[in-house]
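Chain and residue survey
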Amino acid sequence: MPMPGEKPRFSSLPSEIIASVFENCSDDNTDPSSIALSLTLSQINHRTRSIALQTRCLWSKVTIKSFKMSVLAMAGLQFVRSGNHPLSLILDFHDPEWDFESTSVTPENVAALLTLILPHAHRWKDMVFRTDEFEPIHALLVALQSAPALPLLERLTLVRANGYLACSGAPFTPAELRSPIPLLGGRPIPRLRELTLSGVHTDWSKCEFSTLRKLTLRHHAQEVMPTWEEFSGILGKNQGLEKLEILGWGPILDDAPVDEDGDPVPAVLPNVTSVHLGTVDGQYTTELAGYLAFPAMTKLVLEDITTIDPLHRADSQPILHHLANAANAVVAGYDSPAYPLDSLESFVLANIDPEPAVLEDLLSMMPSLELLAWKRGPEMLGPSSRGRSLPAFQPQKLDVLELLRIIQRLGETLPLENVIVEDPKTSSALIQALDCFSYNLYEDSDLWSNLDIL
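What you see is a predicted model, and the numbers here were worked out from it, not measured in a lab. (Residues numbered from 1 in each chain as written. Predicted model: local features only at pLDDT ≥ 70, side-chain atom pairs only at ≥ 80, totals over all residues. Heavy atoms only, no water.)

1. What about the nonpolar core?
The biggest cluster of nonpolar side chains holds 116 residues, and the ones touching the most others in it are Ile-117, Trp-124, Met-127, Leu-292, Leu-302, Phe-347 and Leu-363. Among the elements that make up this core, the one with the highest residue count is helix α11 (residues 400-410) (7 residues). Leaving out residues up to four positions away in the same chain, Leu-302 has contacts with Leu-277, Ile-319, Leu-320, Leu-323, Phe-347, Val-348, Leu-349, Ala-350 and Ile-352. Counting 5 residues, the second largest nonpolar core, distinct from the first, contains Val-301, Val-348, Ala-373 and Ile-420. (Core = buried A, V, L, I, M, F, W, Y, C linked by side-chain atoms within 4.5 Å. Buried < 20%, exposed > 50% of the residue type's maximum accessible area, 1.4 Å probe, protein only. Helix = DSSP H or I, 4+ residues; strand = E, 2+ residues; numbered from the N terminus. Contact = heavy atoms within 4.5 Å.)

2. Digging into a negative patch on the surface
Taken together, Asp-95, Glu-97, Asp-99 and Glu-101 make up a surface patch of like negative charges. With relative accessibility at 32%, the residue Asp-95 sits in the partly exposed group. (Patch = residues over 30% accessible without salt bridge, like charges linked within 9 Å, V, L, I, M, F, W, Y side chains within 5 Å. Areas by Shrake-Rupley, 256 points an atom, 1.4 Å probe, with all protein chains shown as cover. Salt bridge = Lys/Arg side-chain N within 4 Å of Asp/Glu carboxyl O. Lys, Arg positive; Asp, Glu negative; His and termini not counted. Charge placed at Lys NZ, Arg CZ, Asp CG, Glu CD.)

3. Quick notes on the pairing of strand β13 (residues 371-375)
Judged by how many residues are buried, β13 sits mostly within the fold: 4 of 5 residues are covered. Bridge count between strand β12 (residues 346-350) and β13: 5 bridges; the pairing is parallel. Looking across to β13, one finds that Ser-346 is bridged to Leu-371. Note on the crossover from β12 through helix α10 (residues 356-363) to β13: the handedness is right-handed. Note that β13 and strand β16 (residues 418-422) share 5 bridges and pair parallel. Looking at β16, one finds that Leu-371 is bridged to Asn-418. (Pairing = 2+ DSSP bridges. Right-handed = clockwise from strand over helix to strand, strands pointing away.)

4. A look at helix α3 (residues 46-54)
Thr-48, Ile-51 and Ala-52 are the residues of α3 that are buried. Along the axis of α3, the buried positions cluster into a sector of 100 degrees, meaning they face one direction only. With respect to the buried face of α3, the exposed residues turned more than 90 degrees away are His-46 and Gln-54. (Arc of directions from axis to C-beta.)

5. Describing the packing of α10 against α11
Across the interface, α10 lies against α11 with an axial gap of 10 Å and an inter-helix angle of 40 degrees. Judged on the interaxial angle alone, α11 and α10 are oblique. As for how α10 packs across α11, the hand of that crossing is right-handed. Every residue of α11 that contacts α10 at Pro-356, Leu-359, Glu-360 and Leu-363 is listed here: Glu-402, Leu-403, Ile-406, Arg-409 and Leu-410. Classifying every residue of the contact of α10 with α11 by side-chain character gives 6 nonpolar, no polar and 3 charged. (Axes fitted to C-alpha atoms, helices over the stretch in contact; angles between N-to-C directions. Parallel < 35°, antiparallel > 145°, perpendicular 65-115°, else oblique. Left-handed = near helix turned anticlockwise from the far one by under 90°. Nonpolar A, V, L, I, M, F, W, Y, C, P; charged D, E, K, R; others polar.)

6. Re the packing of aromatic side chains
The way to describe two aromatic rings as a pair is by their centre distance and the angle between their planes. Taken as a whole and judged by the stated rule, the model has 7 aromatic pairs. Members of the aromatic cluster, each reached through a chain of ring pairs, are Phe-67, Phe-93 and Phe-129. Residue placement shows Arg-81 over the ring face of Trp-59; its charged tip is 4.6 Å from the ring centre. (Phe/Tyr/Trp six-rings, centres within 6.5 Å; stacked < 30°, edge-to-face > 60°. Lys NZ or Arg CZ within 6 Å of the ring centre and 35° of its normal.)

7. Section: the pattern of salt bridges
For the structure on display, the rule yields 9 salt bridges. One salt bridge in this structure joins Asp-92 and Arg-130, with 3.6 Å as the shortest N-O distance. Remark: Arg-130 occurs in strand β3 (residues 124-131) and Asp-92 occurs in strand β2 (residues 87-92); sequence separation between them is 38 residues. Salt bridges sharing partners connect three or more residues here, namely Glu-360, Glu-402, Arg-405 and Arg-409.

8. As for the environment of Asn-325
Tracing the sequence through the fold places Asn-325 in helix α9 (residues 317-326). Through-space distance from the C-alpha of Asn-325 to that of Ala-338 is 9.7 Å; in sequence the pair is 13 residues apart.

9. Describing the side chain of His-220
Within the fold, His-220 resides in the loop between β6 (214-218) and α7 (228-237). Here the side chain of His-220 touches Val-200 through a polar contact of 2.7 Å, landing on its backbone oxygen. Beyond its immediate stretch of four places on either side in the chain, His-220 contacts Leu-165, Ala-166, Leu-197, Gly-199, Val-200, His-201, Trp-204 and Trp-249. (Polar contact = N/O pair within 3.5 Å; in protein donor to acceptor, adjacent residues only side chain to side chain.)

10. Considerations on unusual backbone geometry
With an omega dihedral of -5 degrees, the bond running from Thr-173 to Pro-174 counts as a cis peptide bond. Within the secondary structure, Pro-174 is located in the loop between β4 (155-160) and β5 (194-198). If you check the backbone angles, Leu-184 has positive phi at about 55 degrees while not being a glycine. In this fold, Leu-184 is placed in the loop between β4 and β5.

Pasting the structure below:
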């Protein structure tokens, strides 16, 4: 017992309070790749070690980034110490310096990994698997065909980190693995809330989940796109969907329905509030937008993802014109247009180069807008000028100074609170000199490294 006036020592607190502190530390740990916290808490003294070893959540965030024996052994130890607690797994084998030819993950590596993690599949709550090649993800999909059910799984992210697959006309590789495999053998995933498939396709006709709140399809090759029937079937099963992200190619639109006038019959997503469309082909994205309606939309991100290819840039003007037109077309059965710009609170343009007049018209339709973000994309090669045989860099239509002038002209009709800009072509001093309005202006933001924070 502490002496009068003396503060009690941490170790003298009841075990239940210490365990609660450890649990809060685990919840507040923003770096899921770090096991240092758990190890530190388990080494303070004999009593806290005993408590830490019995606090299952401390050991439930498992990250594997290499196939070193020490890393796999630590993961195995975490599986044991976490008991029956739900697991968060991050399996990240992306190599930023991969040369697109060498094999970074061997079949032996994958076999050892699957042997380690599959016995605990019934405890997976969050699962991220990221590789440069498709073979490891294919092996996981095959193994899950006969794995036990995933009753706790809420978030699943499968990433093949190769954005070049989304280039127009790029073939799916390796061709021998193109045949689709159902997620979990087509069995239900009863708690799945968030699904991200990046460069990873599945048997789109056998997606047996109906509880999604967020769906992300990104960087798919055209050869493995779902049909409209398959895609709309997924949307129809998940009426609670709140966030939709399609970056690159989404569904094949050849069989999408049209009315007697030949106009698209859109799939209405009544609960989606956040939309993110990434463009590799301006015409396709505009056509896709015509087949989707978001009467409850409050956040919109438009992004040009063709920056990986300096010879091609998606034309962003058609999708911007479509937004303006759709803002006035009320969806049948809803007292709202397909893209309700008058209710939009957040609008992000990443690597998009709009005509200033078009952007000004759009912003004038957004009386509820609170956040506007614009990132100047890299200069892109285009047709040669003055008879030169080599392509020339094309000047962009919009710069940050013109953007701020547009905001100034719109005045009180645009009640912005925050403006985020990135324009390496314009000096920071000049930008700040124009910042004399009522909003907060930011030039450095984590927004661009993670558009998903909106």
